[in-house]
Amino acid sequence: RADALVTGKPGSTKSSALRDLSTSLKSDGCVSMTLTLSKNSTPTSLLNSILTKLSERQGRLLGPEGGKTLMVVVDDIGFAPTDEWGDRPICEALRHLLQEGGYHASD
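So, a few notes on the structure that sits alongside this text.

Analysis parameters
- Residues numbered from 1 in each chain as written.
- Predicted model: local features only at pLDDT ≥ 70, side-chain atom pairs only at ≥ 80, totals over all residues.
- Heavy atoms only, no water.
- Buried < 20%, exposed > 50% of the residue type's maximum accessible area, 1.4 Å probe, protein only.
- Helix = DSSP H or I, 4+ residues; strand = E, 2+ residues; numbered from the N terminus.
- Arc of directions from axis to C-beta.
- Contact = heavy atoms within 4.5 Å.
- Axes fitted to C-alpha atoms, helices over the stretch in contact; angles between N-to-C directions.
- Parallel < 35°, antiparallel > 145°, perpendicular 65-115°, else oblique.
- Pairing = 2+ DSSP bridges.
- Salt bridge = Lys/Arg side-chain N within 4 Å of Asp/Glu carboxyl O.
- Polar contact = N/O pair within 3.5 Å; in protein donor to acceptor, adjacent residues only side chain to side chain.

**So, helix α2 (residues 43-51)**
No. 1: Residues of α2 that are buried: Leu 46, Leu 47 and Ile 50. For α2, the angular spread of buried residues about the axis comes to 90°, placing them on one side.
No. 2: Residues of α2 that are buried make contact with β1 (30-36), β4 (69-75) and α3 (89-100).

Here it is as structure tokens:
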């Protein structure tokens with residue numbers, strides 16, 4: 001597992017380079033998805049989008065089908081909306097996913 005943050009000026013082909021990478025990894029058992037953030041993005045919409053690529057593996061453990069690896073590309077993270085305190089809740093949800101290696105649903 002590897003986490004990466006790709007930065008650069010607008011128009012510097014970050015998104016297309018990541019698309020090319022995800023295409024090349026498909027043959028290695030990787031499922032990929034791209035999430036493009038906007039001012040309407042929420043942590044719930046982010047997590048629900050990721051859940052569309054997962055299925056139940058064992059009990060309540062979720063993962064991509066066939067034991068594959070999931071690559072999630074989050075595009076336009078700078079457009080994530082801020083709340084009344086200036087925080088970006090969607091970025092906190094991403095931080096949690098990266099730091100904890102997953103997400104725990106309390107229901």
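After that view of the structure, there is still more to cover.
**As for unusual backbone geometry**
No. 1: Unusually for a residue other than glycine, Thr 13 sits at a positive phi of about 65°.
No. 2: Within the chain, Asp 76 stands out as a residue other than glycine whose phi angle is a positive 60°.

**Side note on the packing of α2 against α3**
No. 1: Where α2 meets α3, the axes come as close as 8 Å, and the angle between the chain directions of the two elements is 40°. Between α2 and α3, the angle falls in the class oblique. Side by side, α2 and α3 meet where Pro 43, Leu 46, Leu 47 and Ile 50 of the first sit next to Pro 89, Ile 90, Ala 93, Leu 94 and Leu 97 of the second.

**Remarks on the pairing of strand β2 (residues 55-58)**
No. 1: Here β2 runs beside strand β3 (residues 61-63); their pairing, made up of three bridges, is antiparallel. Along β3, the bridge assignment pairs Ser 55 with Gly 63.
No. 2: The antiparallel hairpin formed by β2 and β3 contains two residues in its connecting segment, where Gly 59 sits at a positive phi of about 60°.

**Section: the side chain of Ser 32**
No. 1: In this structure, Ser 32 sits in strand β1.
No. 2: On the basis of relative accessibility, which here comes to 17%, the residue Ser 32 falls in the buried class.

**Overview of the pattern of salt bridges**
No. 1: Considering all chains together, one arrives at one salt bridge under this definition.
No. 2: Close ionic contact of Glu 92 with Arg 95 constitutes a salt bridge, the shortest N to O distance being 2.4 Å. Placement of the pair is Glu 92 and Arg 95 together in helix α3, with a separation of three residues, close to one helical turn.
No. 3: On the basis of relative accessible area, Glu 92 is assigned to the partly exposed category, the value being 40%.

**Let's talk about the side chain of Ser 41**
No. 1: Within the fold, Ser 41 resides in the loop between β1 and α2.
No. 2: Owing to a relative accessible area of 11%, Ser 41 belongs among the buried residues under this scheme.
No. 3: Of the polar contacts made by the side chain of Ser 41, one reaches the backbone nitrogen of Ser 38; its length is 2.8 Å.
No. 4: Not counting residues up to four positions away in its chain, the partners in contact with Ser 41 are Thr 36, Pro 81 and Ile 90.

**Things to note about the environment of Pro 89**
No. 1: Structurally, the position occupied by Pro 89 is in helix α3.
No. 2: Pro 89 gets classed as partly exposed once you look at its relative accessible area, which sits at 33%.
No. 3: On a C-alpha basis, the gap between Pro 89 and Ser 41 in space is 9.7 Å, while along the polypeptide they are 48 residues apart.
No. 4: For Pro 89, the residues in contact, after removing those within four places along its chain, are Pro 43, Pro 81 and Asp 83.

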